[in-house]
Amino acid sequence: MELVERAEHNEHLNQLLAECALRKGHVILLDGPSASGRTELLRQVAERAALGGGPVLHASCSRAEQALPYSVLGQLFRSSTVPDSVAAEADELLQRAAPGAAAEGADPEHIGPETAQLLHELVRLLLQLSDKAPVFIGIDDIQHADPRSLDCLLYLARRLGSARILVVLTGNPELPPSHPTFRAELLDQPHAGRILLAPLSEEGTVQLLSGHFDEPTAERLGPEFHACSGGNLPLLHALIEDHTATGGVRKEGYGRAVLRQLRRGDAVLLRTARALAVLGEASSPERTGRLAGVEPQQAAHALRLMTAAGLLRDDGTFRSEIARIGILDDLPPQERAELHGKAAEILYEQGGPATQVARLLVEADRAPQAWAMGLLLEAAEQNLLTGRTEQAVAALETAHRHCPQDSPERASIEAKLVRVRWRSDPAAADRHLESLTEAAEAGALDGCDSVALVRQLLWNGRSEEAADLLEKLRATAMEPHSEAAAELHDTELWLAWTHPTLARRRQPQPGSPRPAESAPAPQQDPWCRPTALLAGALVTGRSHEVAGHAEQILRDGHAVHGDAWAEEPMLLALSVLTSAGRSDSVAAWCDRLLTEPYTPYSPTRLALLSAVRADAAIRLGQLSTAVDHAQLALDHLTPNAWGVAIGLPLGSLVLASTRLGHYDEAAGYLARSVPKAMFQSRYGLYYLLARGHHHLATEHYHAALADFRSCGELMRRWGIDVPGIGPWRTSAAEAWLKLGNREQARRLAYDQLGRPGTTGSEARGTALRLLAATSPAERRPQMLTEALDLFEECGNQYEQTRALADLSDAYYQVGDSRRARMHSRRARHLAGMCGATSLSQSLLSLPDEVEDSPSVAESAAESAALTGSERRVAALAVRGYTNREIAGKLFITPSTVEQHLTRIFRKLDVNSRRDLPVELGVGGGAEVLSSSGGAA
């Protein structure tokens, strides 16, 4: 309807144009805010008037014209369609009138005889023009016109009755006029009229868009465009151009349109808009006026004007951030900084929130007052708690940049900045480490910051500097119950697990109290003590004892805590579960932590979780999943940002690619440069083991053996020859087998079986499988069966495949061809699920006679009359899922799974899940995996 009304206005003006030819003059005032599109309507009428062939006189007023007498008349007579003779005569009259106008002043109510004569002559020229052809006069923003030009228009309006002249004026009634009685006198004339215009509604916006886009697009964009423009026609046209060009909102389009709207107002309007853009969410009419340097009433009026124009929402904020940015970018840099600094002072004086004041100080890039430094630090803490890491970094950078060089706080601020930056990009924090190290050596860094610096230096491979700093800290006399002493004590335990070359050789047993007390120091980071306990348990091989504690730490992972240790408790808790043989729990926790929202956002945390998830996937035989998560870990952080810890995701990527049979890709990953310091940390052990397995798969057996033995030597020397990293002995035993040294392989397998923590673990299963390879044929099935049970218990499908393949071969060697064929089929099935190409190819040589086809097993299952629930359970059991995993997929309890399996074993006349026909997993398993599941 609004577009229809505008069309009617347009038609009405066109009709008035036609009447001009019949000697019926008119004056029309188009009243409304700039958002109403009054200028566009004036332009459309002027274009139609030009088609008639008569003179078209146009003037556009601005604030500058108000102080220049006759400036608007000068624009009119300089229009291109005015004959030269008329323009020259008008120019002579205006030049002659200038001294008299200056002498009279600008009082519109005082018109001397000379001025009256001048107005008469100018109007005569206009009337003479209309004798030859209809004349169109258009003046935009009449509220900014100079008073003498308005007097001339009033003089003309009184004489329009039979003249062929149409005068169309546009104005904003909300703005103060330069001529106090002009509107009233003009509209009192019999040939004058007024048309009120308003911004478009949402419905009108959709109608406008329909002329530029198809109907569905107009309907979709309408609400968004109206919300961004407030129905302001010039802004809407800018949005249409922006959307056509880029599909979004541009500063060059919409932003400039906003600036044009503001510049059409007075100085107060522009200054108020700038103050509002600076204050942002901290704005109020009083603050905005004070910052703009205007009275509160003036600021409130300017805000009302901007709201009516569609530039602001009803709550006084800009409709688009692009508008605010465009206004700020239009300011000269010095003025912009001064405005932000002044705004910060105003907001601080009024007790504004620290984060808002800090934002203004950051924009101003200054901290001029004594209060500014403390406020920036407070704001950084608050921003961290609410997850706004970038704002926290900006506040700390500003504080550090403006902190005096000799200030004792400078080093502490930089240390805080490094810890916060580490969360998003450890490489960005690296450039601060040298100055922090110098500060620590000079004693300008406190004990807690120095302990945190040790970890940062080690992450970035600067082990020598870390060692020097550690020795200095160890030699420093600390209060027994102080925060620094407690953190240093716990750091020693963490070092023993992660960077053992720098750890003290004597470590207390996990769970033993400190010399003073086991509770943390009053101000100590609450996560430092759990980190130490978990690290101590890992070093001493007692992960099973603290697995419950590790689960509790993961559950409490979203508790508010300090940033000195950041993700270490989470990582060590996952390492404990891995060492305890609970890779399925590790995978579940990683999936949960990766998908749950976390404050503050930390790419470093996501990268580390992805790396641990990749390691867990390998231990579960999920090779493609391992590659995906390892790649994701390297996407979250650049290789430089990973520091020495890159050995974890890179090792997983190499090992998973190797087992998938992607040897060239694995070789490419191994060709990447890694820090030398990585091999002095536990992260280097993952890399060595992965590289060794790649050498083993590509038949470089001596190179593989060298890597495995190097790994074992380092683990023994460092005192971390425990489960959790990798059983290097069984890997070396496999290399010896390939080299034909069965005795060495047998010895290493026995050594692994005798290690603490091996009982009931995956390491025991691997040792049994390799020991079977060195044993007589008749003893092999028993050992391999036990190994298979262990692999099924821990859920490692890859190792299950290898055990099944060996078991098939063992049964073939002892003459049990039926079991050999059954295990061969199961091995092929699991190899396909894992995606282990190399294993699939080697399994082709296993015995599998044609006459023992899958139909035999299927008919046996059918004759056993398995129920649907039993077939679903059997299908998942054949695929290698544990009872707990089957229960989760089918939404039943583990005890129900056990009952189903018992009945299945009885009906199929088998003794365990490893004897189940593999064909049971081909149909039912696919159905289970592709559906959401139901109760069995």
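Residues numbered from 1 in each chain as written. Predicted model: local features only at pLDDT ≥ 70, side-chain atom pairs only at ≥ 80, totals over all residues. Heavy atoms only, no water.

Peer 1: Is there a simple way to think about the pairing of strand 4 (residues 165-171) in this case?
Peer 2: Residues in a regular strand project their side chains so that they alternate between the two faces of the sheet. Among the seven residues of strand 4, seven are classified as buried, and the element is accordingly described as predominantly covered. Here strand 4 shows two buried faces, one formed by Ile165, Val167, Leu169 and Gly171 and the other by Leu166, Val168 and Thr170. Across six bridges, strand 1 (residues 26-31) lies against strand 4 in parallel orientation. The residue of strand 4 that forms the bridge with Leu30 is Thr170. Here strand 3 (residues 135-140) pairs with strand 4 via five bridges, running parallel. Among the inter-strand pairings, Gly138 is bridged to a residue of strand 4, identified as Val168. Considered for its hand, the β-α-β crossover made up of strand 3, helix 6 (residues 147-157) and strand 4 is right-handed. (Buried < 20%, exposed > 50% of the residue type's maximum accessible area, 1.4 Å probe, protein only. Helix = DSSP H or I, 4+ residues; strand = E, 2+ residues; numbered from the N terminus. Pairing = 2+ DSSP bridges. Right-handed = clockwise from strand over helix to strand, strands pointing away.)

Peer 1: Mind showing me how you'd approach the packing of helix 20 (residues 409-424) against helix 22 (residues 433-441) here?
Peer 2: Each pair of packed helices can be summarised by the angle the axes make with each other and by the distance between the axes. One way to put it is that helix 20 packs onto helix 22 with a least axis distance of 10 Å and a crossing angle of 140 degrees. Considering the angle they form, helix 20 stands oblique to helix 22. The handedness of the crossing between helix 20 and helix 22 is left-handed. Residues Ala411, Glu414, Ala415 and Val418 of helix 20 form the contact with helix 22, whose participating residues are Leu433, Ser435, Leu436 and Ala439. Here the residues of the contact of helix 20 with helix 22 sort into six nonpolar, one polar and one charged. (Axes fitted to C-alpha atoms, helices over the stretch in contact; angles between N-to-C directions. Parallel < 35°, antiparallel > 145°, perpendicular 65-115°, else oblique. Left-handed = near helix turned anticlockwise from the far one by under 90°. Contact = heavy atoms within 4.5 Å. Nonpolar A, V, L, I, M, F, W, Y, C, P; charged D, E, K, R; others polar.)

Peer 1: Hey, could you run me through a negative patch on the surface in this one?
Peer 2: Together, Glu434, Glu438, Glu441, Glu464 and Asp468 make up a negatively charged patch on the protein surface. Where the negative patch is concerned, the elements lending two or more residues are helix 22 and helix 24 (463-475). Tallying contributions element by element places helix 22 first for the negative patch, with three residues. Mapped onto the fold, Glu434 is located in helix 22. (Patch = residues over 30% accessible without salt bridge, like charges linked within 9 Å, V, L, I, M, F, W, Y side chains within 5 Å. Areas by Shrake-Rupley, 256 points an atom, 1.4 Å probe, with all protein chains shown as cover. Salt bridge = Lys/Arg side-chain N within 4 Å of Asp/Glu carboxyl O. Lys, Arg positive; Asp, Glu negative; His and termini not counted. Charge placed at Lys NZ, Arg CZ, Asp CG, Glu CD.)

Peer 1: Is there a simple way to explain the packing of aromatic side chains in this structure?
Peer 2: Centre distance and the angle of the planes are the two values used to describe a pair of aromatic rings. Scanning all chains against the criterion turns up four aromatic pairs. With 3.9 Å between their ring centres and 5 degrees between their planes, Tyr348 and Trp371 make a pair best called stacked. Pair noted here: Tyr348 is in helix 16 (residues 333-349) and Trp371 is in helix 18 (residues 370-385), with a separation of 23 residues, a long-range link. Every member of this aromatic cluster is reached through a ring pair, and the members are Trp422, Trp459 and Trp642. The positively charged end of Arg159 is found above the aromatic ring belonging to Tyr155, 3.5 Å away from the centroid. (Phe/Tyr/Trp six-rings, centres within 6.5 Å; stacked < 30°, edge-to-face > 60°. Lys NZ or Arg CZ within 6 Å of the ring centre and 35° of its normal.)

Peer 1: How should I be thinking about the packing of helix 31 (residues 623-636) against helix 33 (residues 647-659) in this particular structure?
Peer 2: Contact geometry of helix 31 with helix 33 gives a least axis separation of 9 Å together with a crossing angle of 150 degrees. The angle between helix 31 and helix 33 falls in the class roughly antiparallel. Note on packing geometry: the crossing formed by helix 31 with helix 33 is left-handed. Every residue of helix 33 that contacts helix 31 at Leu623, Ala626, Val627, Ala630, Gln631, Ala633 and Leu634 is listed here: Pro649, Ser652, Leu653, Ala656, Ser657 and Arg659.

Peer 1: So what exactly am I meant to see when it comes to the confidence of the model for the protein chain here?
Peer 2: Close inspection of predicted coordinates is inappropriate in any region flagged by low pLDDT. Averaged over the protein chain, the pLDDT score is 83; the fraction of residues at 70 or greater is 86%. The model gives residues 506-527 a pLDDT under 50, and that stretch makes 50 contacts with residues more than four places away or in other chains. Low pLDDT (under 50) marks residues 922-936, which in the prediction has 30 contacts with non-local residues, meaning those over four places away or in another chain. (pLDDT = per-residue confidence, 0-100.)

Peer 1: What exactly am I supposed to notice about the sheet that holds strand 2 (residues 56-60) here?
Peer 2: For sheets, the rule is that strands pair by backbone hydrogen bonds, running either parallel or antiparallel. Strand order in the open sheet formed by five strands is 2-3-4-1-5, with parallel pairing between adjacent strands. With partners counted over all chains shown, the strands left at the sheet margins are strand 2 and strand 5 (192-196), one partner each. Adjacent strand axes in the sheet meet at a mean angle of 15 degrees when their direction is disregarded. Contacts from helix 2 (residues 38-51) reach strand 1, strand 2, strand 3 and strand 4, with the element oriented near 160 degrees to strand 3.

Peer 1: Can you walk me through the nonpolar core in this structure?
Peer 2: Nonpolar side chains in soluble globular proteins tend to be buried together. The biggest cluster of nonpolar side chains holds 115 residues, and the ones touching the most others in it are Trp497, Leu574 and Trp642. Per-element accounting of this core gives the leading share, nine residues, to helix 30 (residues 603-619). Listed in part, the 74 residues of the second largest apolar core include Leu209, Leu305, Ala380 and Val393. (Core = buried A, V, L, I, M, F, W, Y, C linked by side-chain atoms within 4.5 Å.)

Peer 1: Would you explain the pairing of strand 5 in this entry?
Peer 2: Residue alternation in strand 5 divides its side chains into a buried set, Gly193 and Ile195, and an unburied set, Ala192, Arg194 and Leu196. In the sheet, strand 1 pairs with strand 5 via five bridges, with the strands oriented parallel. Bridge pairing in strand 5 places Leu30 opposite Ile195.

Peer 1: Looking at this structure, how should I read helix 46 (residues 883-890)?
Peer 2: Taken residue by residue, helix 46 has Ile886, Ala887 and Leu890 as its buried positions. Seen end-on, helix 46 carries its buried residues on one side only, within an arc spanning 100 degrees. Downstream of helix 46 by one or two residues, Phe891 has phi in the positive range, about 60 degrees. (Arc of directions from axis to C-beta.)

Peer 1: Is there a simple way to think about helix 36 (residues 701-718) in this case?
Peer 2: Each α-helix turn comprises 3.6 residues. Residues three or four places apart therefore point the same way. Helix length check: helix 36 (18 residues) gives 26 Å between terminal C-alpha atoms against 26 Å at 1.5 Å per residue, within 8%. Of all the positions in helix 36, only Tyr701, Ala704, Leu705, Asp707, Phe708, Cys711, Gly712, Leu714, Met715 and Trp718 are classed as buried. Buried-residue contacts for helix 36 involve helix 35 (682-697) and helix 37 (728-738). Just beyond helix 36, the residue with positive phi is Gly719, at close to 75 degrees. (Expected span 1.5 Å × (residues − 1).)

Peer 1: What should I look at first to understand unusual backbone geometry in this one?
Peer 2: Peptide bonds are mostly trans, and most non-glycine residues show a negative phi. The backbone phi angle of Asp141 is positive, close to 60 degrees, even though this residue is not glycine. Accessibility expressed as a relative area gives 3% for Asp141, which makes it buried. Phi angles above zero are rare outside glycine, and Phe891 is one such case at about 60 degrees.

Peer 1: Just to check I follow, could you spell out the environment of Gln298 for this structure?
Peer 2: Mapped onto the fold, Gln298 is located in helix 14 (residues 296-308). Judged by relative accessible area, Gln298 falls into the partly exposed class, the value being 36%. Taking C-alpha positions, Gln298 is 7.2 Å from Val268, a pair spaced 30 residues apart along the chain.

Peer 1: Help me understand the environment of Lys132, please; the structure alone is not making it clear to me.
Peer 2: Mapped onto the elements, Lys132 comes out in helix 5 (residues 113-132). Judged by its relative accessible area of 76%, Lys132 is exposed. Distance from Lys132 to Pro55, taken between C-alpha atoms, is 9.6 Å for residues 77 residues apart in sequence.

Peer 1: Explain the pattern of salt bridges to me, please; I cannot follow it from the model alone.
Peer 2: Note that side chains of opposite charge can pair when their charged atoms are close. A full pass over the atoms with the stated rule returns 48 salt bridges. Between Glu321 and Arg324 there is a salt bridge whose closest N-O contact spans 2.9 Å. Within this pair, Glu321 and its partner Arg324 are both found in helix 15 (residues 321-329), separated by three residues, close to a single helical turn. For Arg324, a relative accessible area of 16% puts it in the buried group. We note a salt bridge from Arg755 to Asp721, for which the minimum N-O separation is 3.7 Å. Here the residue Arg755 occupies a position in the loop between helix 38 (742-753) and helix 39 (762-773), and Asp721 occupies one in the loop between helix 36 and helix 37, the gap between them amounting to 34 residues.

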